[in-house]
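Reading the structure
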Amino acid sequence: MSRARVARRIAAGAAYGGGGIGLLGAATVGLVLAEVQLAKRSVGNGGYGDPPRADGRYGAPFAARAGSGEPLRFAVLGDSTAAGLGVHRARQTPAALLAAGLAAVAERPVDLRVVAKAGAQSDDLDRQVTLVLSDETGGVPDVCVVMIGANDVTHRMPPTRSVRLLSTAVRRLRTAGAEVVVGTCPDLGTIEPVYQPLRWLARRVSRQLAAAQTIGVVEQGGRTVSLGDLLGPEFAANPRELFGPDNYHPSAEGYATAAMALLPTLCAALGLWPEEERPDVSRREGFLPVARAAAQAAAEGGTEVTGAAPAGHRGPFALLKRRRRRRIQTPAPTPIA
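First things first, this report covers the structure right here in the doc. (Residues numbered from 1 in each chain as written. Predicted model: local features only at pLDDT ≥ 70, side-chain atom pairs only at ≥ 80, totals over all residues. Heavy atoms only, no water.)

Here helix α12 (residues 290–298) lies mainly inside the structure; seven of its nine residues are buried. Listing the buried residues of α12 in full gives Val 290, Ala 291, Ala 293, Ala 294, Ala 295, Ala 297 and Ala 298. (Buried < 20%, exposed > 50% of the residue type's maximum accessible area, 1.4 Å probe, protein only. Helix = DSSP H or I, 4+ residues; strand = E, 2+ residues; numbered from the N terminus.)

Printed below as a string of structure tokens:
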């Protein structure tokens, strides 16, 4: 079965309340579980404590400029990767990198709030969204980034349930007026202590989930950026630089790689990125059926998918974009009074 058909099947199951153990048979699941336990013992936890707190105001000097406007409100939701587990300084977390990059592009201050939680699965998104939307002091965020999915795979959450929970979270945020960018499930087949056949299965299942997440998010009016293949080959080629001490979570350089992929889409969601919102044929961009766009994005990191309705087409279509990346310089955050 093609990856696009599998992704569509998972997304359809999510929409209509499907469940089950997923796309693998019971015997295969048993083998995977045995390998997972071995991998977990090998990976360990790296001796990490809580992720550094990155909340605060970024780009504060822009506030003194005439016409800079009110600070942009930015929230980050998701799991340990979104929280920045594995680095020691707030400015090394993906949330801080993205807030600083957004402030530089917008030339406005950015107020960042991080509600992501280490170990979170998609069933924690309801709580996180409630926290974000109930913030009476900051108001509804202008834009949110969600990074989720890896723990759903390792804890065997049915992919239909995973996609349904993510879609509901995106719908709540979009209904409240926030733009939403989702970094889809990373490629778990790159983790060094994971051996065959789990490595192949982990890559296959995580990419299937990433594609299905894309369909669910786009249908709710959000945008996605694939992190799987982006982090996959680069992490596999440079594990000492891009993985942290636990060989599982990214290092500071690894988080910077992910943030550079997310920043263009984050800015484009607010109409700030200096590229036209139409396909560039020279970069193999174009309008595709949502399922095909999702499958292509899952196989190529840094690829953006957003909903589109090209003239003359019927049915759900999406725009596949491969935006140019920009390295981010990040100062320390200024606490918000």
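On we go.
For the rest of this paragraph, the subject is the side chain of Glu 304. Along the chain, Glu 304 falls in strand β8 (residues 304–308). Within the structure, the side chain of Glu 304 is placed 3.0 Å from the side chain of Arg 223, a separation counted as a polar contact. When sequence neighbours within four positions are dropped, the list of residues in contact with Glu 304 reads Arg 223, Thr 224, Thr 265, Leu 319, Leu 320, Lys 321 and Arg 323. (Polar contact = N/O pair within 3.5 Å; in protein donor to acceptor, adjacent residues only side chain to side chain. Contact = heavy atoms within 4.5 Å.)

Before going further, it helps to spend a moment on helix α7 (residues 159–176). Under the 1.5 Å per step criterion, the end-to-end length of α7 is 26 Å for 18 residues, consistent within 8% with the ideal 26 Å. Turning to α7, its buried residues number three or more, namely Pro 159, Thr 160, Ser 162, Val 163, Leu 166, Ser 167, Ala 169, Val 170 and Leu 173. (Expected span 1.5 Å × (residues − 1).)

In this structure the tally under the stated criterion is two cavities of 30 Å³ or more. Volume-wise, the second largest cavity comes out at about 30 Å³. Every residue lining the second largest cavity is listed: Val 225, Ala 261, Pro 264, Thr 265, Gly 302, Thr 303, Glu 304, Lys 321 and Arg 323. Of all the elements, helix α11 (residues 252–269) adds the most residues to the lining of the second largest cavity, at three residues. Residues belonging to the lining of the second largest cavity are distributed by class as follows: three nonpolar, three polar and three charged. (1 Å grid on protein atoms, 1.4 Å probe; cavity = no way out; pocket = protein on both sides within 12 Å on 5 of 7 lines; lining within 4 Å. Points joined across faces, edges and corners; volume = space filled by probe spheres on them. Nonpolar A, V, L, I, M, F, W, Y, C, P; charged D, E, K, R; others polar.)

Time to look at the pairing of strand β5 (residues 179–183). Burial within β5 is extensive, with four of its five residues counted as buried. Direction of pairing for β5 relative to strand β6 (residues 223–225): parallel, over a ladder of three bridges. By the bridge assignment for β6, Val 182 is matched with Thr 224. (Pairing = 2+ DSSP bridges.)

A separate point is the environment of Ala 169. Of note, Ala 169 is situated in helix α7. On a C-alpha basis, the gap between Ala 169 and Val 129 in space is 6.6 Å, while along the polypeptide they are 40 residues apart. Other than its neighbours up to four places away in sequence, Ala 169 contacts Leu 125 and Val 129.

Another point: the side chain of Thr 303. Here Thr 303 shows up in the loop between α12 and β8. Among residues more than four places away in sequence, those in contact with Thr 303 are Thr 224, Val 225, Ser 226, Ala 297, Leu 320, Lys 321 and Arg 322.

Burial within strand β4 (residues 143–147) is extensive, with five of its five residues counted as buried. Alternating residues of β4 divide into Val 143, Val 145 and Met 147 and Cys 144 and Val 146, and every residue in both groups is buried. Pairing analysis gives five bridges linking strand β2 (residues 72–78) to β4, with the strands arranged parallel. Within the sheet, the bridge partner assigned to Ala 75 lies in β4 and is Cys 144. In the sheet, β4 pairs with β5 via five bridges, with the strands oriented parallel. Bridge pairing in β5 links Met 147 to Gly 183.

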